[in-house]
Amino acid sequence: MKKPPRLSSLIDKAVFDYNLIEKGDRILIGASGGKDSTALIKYFSDRARRPARVGAADTSFEYKALFIKSDFAPDFPEGIRALFRQWGVPFEQLNVNVLERVKPGQKMSCWWCSTQRRTELLNYAIANGYNKIALGHHMDDILETLLMNMLNKGEMASMPPRLKYDNFPITVIRPLCYVSEARLIEEAETCGYAGYTCTCDYQDNSGRKEARAKLEALTDGDEAKKERLFASMRNIQPLYLP
């Protein structure tokens, strides 16, 4: 059986295919303490120390990990902080009161919290001269979003690997777009940072959970089928569509 490519090789391919890292980039990485963002941050740490062809380190870009802590979220895992120190990762925590932003009659939710934290990432990036924000969305996340939009909104849309904001000098990148969640779980177990998930009292991911179940049923959990489903988004045949 053919040995699957290394995680770093999959991310390298995404970086090359979508031109995600460019010379002079200042990249802000959203850190949650979970397996996805931790794997992404480890990649940036490794890449920054990677010898270039001329013998020098790949220092053509800068990066920083930022944890947006809401008023009700658990503290950032100390074990992950220790790994960041070991990996030489520049890291900062920004405390944000999300609950006070909930409007009268509005229900607190994962979506609202995520929106507020994404806004803070964007504001921090703009204020501190970062031109890109890297997020830890993986292939399964992207495919689940595709299904949710198709079934709930009647549109073919998802989370692109590279998205340039129209109104802000920021580009969002998703270097894990070719990586399945199963690979990330395996990596987290191998590297010793598995197990951390959000444990707040406002979790309501029923739509996402339903999409995840549909994706697994559609692909039989087969990673190759997921890869082909992802590839189909770049292989549109307009002649055979309405």
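Structure: see above.
Residues numbered from 1 in each chain as written. Predicted model: local features only at pLDDT ≥ 70, side-chain atom pairs only at ≥ 80, totals over all residues. Heavy atoms only, no water.

Peer 1: Looking at this model, I keep getting lost on the sheet that holds strand 6 (residues 171-173). Mind explaining?
Peer 2: Adjacent strands of a sheet form backbone hydrogen bonds with each other and so pair up, either parallel or antiparallel. In spatial order, the strands read 3-2-1-4-6-5; together these six strands make up an open sheet with mixed pairing. Of all strands in the sheet, those with a lone pairing partner are strand 3 (91-96) and strand 5 (162-164), marking the two edges. Pairs of neighbouring strands in the sheet enclose a mean axial angle of 25°, with direction left out of account. (Pairing = 2+ DSSP bridges. Helix = DSSP H or I, 4+ residues; strand = E, 2+ residues; numbered from the N terminus. Axes fitted to C-alpha atoms, helices over the stretch in contact; angles between N-to-C directions.)

Peer 1: Which parts of the structure should I look at to understand the packing of helix 2 (residues 35-48) against helix 6 (residues 181-191)?
Peer 2: Axes are the key here: two packed helices are described by the angle between their axes and the distance separating the axes. Their axes nearest at 10 Å, the elements helix 2 and helix 6 cross at an angle of 70°. For the element pair helix 2 / helix 6, the angle class is roughly perpendicular. Contact residues: Lys35, Asp36, Ala39 and Lys42 in helix 2; Glu181, Leu184, Ile185, Ala188 and Cys191 in helix 6. (Parallel < 35°, antiparallel > 145°, perpendicular 65-115°, else oblique. Contact = heavy atoms within 4.5 Å.)

Peer 1: It is not clear to me how the pattern of salt bridges should be interpreted in this structure. Could you clarify?
Peer 2: Two side chains bearing opposite charge may form a pair once their charged atoms approach each other closely. Throughout the structure, instances matching the rule amount to 20 salt bridges. Put simply, lysine 69 and aspartate 75 hold a salt bridge, and the shortest N to O gap is 3.9 Å. Residue classification places lysine 69 among the buried positions, given a relative accessible area of 12%. The salt bridge involving lysine 226 is made with glutamate 216; its shortest N-O contact spans 2.7 Å. Of this pair, lysine 226 sits in helix 8 (residues 223-232) while glutamate 216 sits in helix 7 (residues 206-219), placing them ten residues apart in sequence. You can call glutamate 216 partly exposed: its relative accessible area is 31%. (Salt bridge = Lys/Arg side-chain N within 4 Å of Asp/Glu carboxyl O. Buried < 20%, exposed > 50% of the residue type's maximum accessible area, 1.4 Å probe, protein only.)

Peer 1: Any chance you could explain helix 7 here in plain terms?
Peer 2: Residues spaced three or four apart along an α-helix face the same direction, because each turn holds 3.6 residues. Between its terminal C-alpha atoms helix 7 stretches 20 Å, which fits the 20 Å expected from 14 residues at 1.5 Å a residue. Of the positions making up helix 7, those classed as buried are Ala211, Leu215 and Thr219. All buried residues of helix 7 project into a common sector of 55° when viewed along the axis, lining one side. Seen from the open side of helix 7, the exposed residues pointing more than 90 degrees away from its buried face are Lys209 and Ala217. Positive backbone phi, at 60°, marks aspartate 220, one or two positions downstream of helix 7. (Expected span 1.5 Å × (residues − 1). Arc of directions from axis to C-beta.)

Peer 1: How do you make sense of a nonpolar patch on the surface when you look at a structure like this?
Peer 2: A cluster of nonpolar side chains, Met150, Leu151, Met156, Ile236 and Leu241, forms an exposed patch at the surface whose accessible area comes to about 500 Å². By the secondary structure assignment, leucine 151 is in helix 5 (residues 139-153). (Patch = residues over 30% accessible without salt bridge, like charges linked within 9 Å, V, L, I, M, F, W, Y side chains within 5 Å. Areas by Shrake-Rupley, 256 points an atom, 1.4 Å probe, with all protein chains shown as cover.)

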